[in-house]
Amino acid sequence: MEEKKYRVLSIGAHQDDADTSSGGLLKKLADKGWEVRMLSLTDGSRGTFREELAGPCLAEIRKKEAAASGALFGGRYDCWDIEDARLTPSLENRERLIRYIREFRPDLVITNRPNDYHPDHRNTALLVQDASYLLTVPFCCPDVPNLTYMPVMLYWHDSFQKPYPFKADVVVPIDGQFDTVVKAASCHESQYFDWLLWPDHLEKIDWPREKQVADLAERFGRMFSRYRSTYAAEVLEKFGEEAESIKYVEVFEICEYGEEPSADFLELLEK
Ligand SMILES: [Zn+2]
């Protein structure tokens, strides 16, 4: 019998959301033979402080940067044409997402939680949640066959405390995938080496690329170590003696609108 080909879809509002928030897990799954797909719901066209870049020019740059990142995971990184900072949980967007998810048929969908400072992030979570149940309803978007199963759905980490703090249901050691996450982030040159340095670290824009990447690796290292220490109890519970050798983790919360992951499925993600 042919072995099942698993598929994972990570959905963010912007081009650097999916890979820098779930890239360790995505790389782990890619190496296990999963098909990896990432999707940015907006075109990213407003994330700049440079007048000459803002608009369609930046959207084109972001598309190319996303494609380069997608290649690191052996998959596609799709970017929708919805204007950055203008994403709404409209019926049109919901149905577009239902069709998109149905066509890819993922076993696992990852996105951000609906509590977030950025309206595009909040609306991304809302769109994924709104799409979830309807994926299986035949006469909703009947032009694309409905799913006959519900994918597992996970939220990537955030630090927002209201209305409730993040819960680390899934813990993924990513020491072996760390370099790929940094490489993926480095693909988003117009963000990590330009826009995201504004306004407090503008001096870094002129640093040689090697130094910029090392700086980025240090920041990501601090972030993943912080997850490791914040969720030390969960890491210990899941990995026992092995926990000692784990330096970096990504953590995910289970979205209750998706399928409850079985112990075997969780093992596919965590081991
Ligand atoms: Zn974003």
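Scope of this entry: the structure provided in the associated data block. Here the structure is a predicted model, which is why all the values come from computation and not from measurement. All residue numbers here refer to positions counted from 1 along the written sequence of the relevant chain. Given that the model is predicted, a residue must reach a pLDDT of at least 70 before its local features are reported, and side-chain atom pairs must reach 80 or more before they are shown or counted; all residues, however, enter totals for whole chains, interfaces and linings.

### As for the overall build of the protein
Runs of E in the DSSP output that reach at least two residues are strands. Runs of H or I that reach at least four are helices, and both are numbered from the N terminus. Helix and strand content of the protein: nine helices and seven strands. Judged by the C-alpha coordinates and their principal axes, the protein covers about 50 × 50 × 40 Å. For the protein, with 271 residues in total, the buried portion stands at 43%. At a minimum sequence separation of 6, the contacts of the protein that also span at least 24 residues come to 76%. Exposed residues have 12 or fewer other C-beta atoms within 10 Å of their own C-beta, buried residues have 20 or more, and residues in between are partly exposed; the C-beta atoms are placed from the backbone. C-beta atoms are first placed from the backbone for all residues, and any pair lying within 7 Å is then listed as a contact.

### Focus on the pairing of strand E1 (residues 7–12)
Burial runs high along E1: five of the six residues are buried. Across six bridges, E1 lies against strand E2 (residues 35–42) in parallel orientation. Note on E2: the bridge partner recorded for Leu9 is Arg37. When DSSP locates at least two bridges between a pair of strands, those strands are taken to pair. Alignment of E1 against strand E4 (residues 108–111), held across three bridges, turns out to be parallel. Note on E4: the bridge partner recorded for Ser10 is Ile110.

### Here we look at the nonpolar core
Judged by nonpolar contacts, the single largest core of 58 residues is most densely connected at Val8, Val109, Leu154 and Val249. The greatest single-element share of this core, amounting to six residues, is contributed by helix H5 (residues 178–187). Among all residues touching Leu154, those that are not within four sequence positions of it are Leu108, Ile110, Val170, Phe252, Glu253, Ile254 and Cys255. The nonpolar core criterion groups buried Ala, Val, Leu, Ile, Met, Phe, Trp, Tyr and Cys residues into a set whenever they are joined through C-beta atoms within 7 Å.

### Some thoughts on H5
Along an α-helix, residues three or four apart share an orientation, since each turn contains 3.6 residues. With seven of ten residues buried, H5 is to be regarded as a mostly interior element. Buried within H5 we find Phe178, Thr180, Val181, Val182, Ala184, Ala185 and Cys187. On its buried side, H5 packs onto helix H1 (17–31), helix H2 (56–72), helix H6 (189–192) and helix H7 (209–230).

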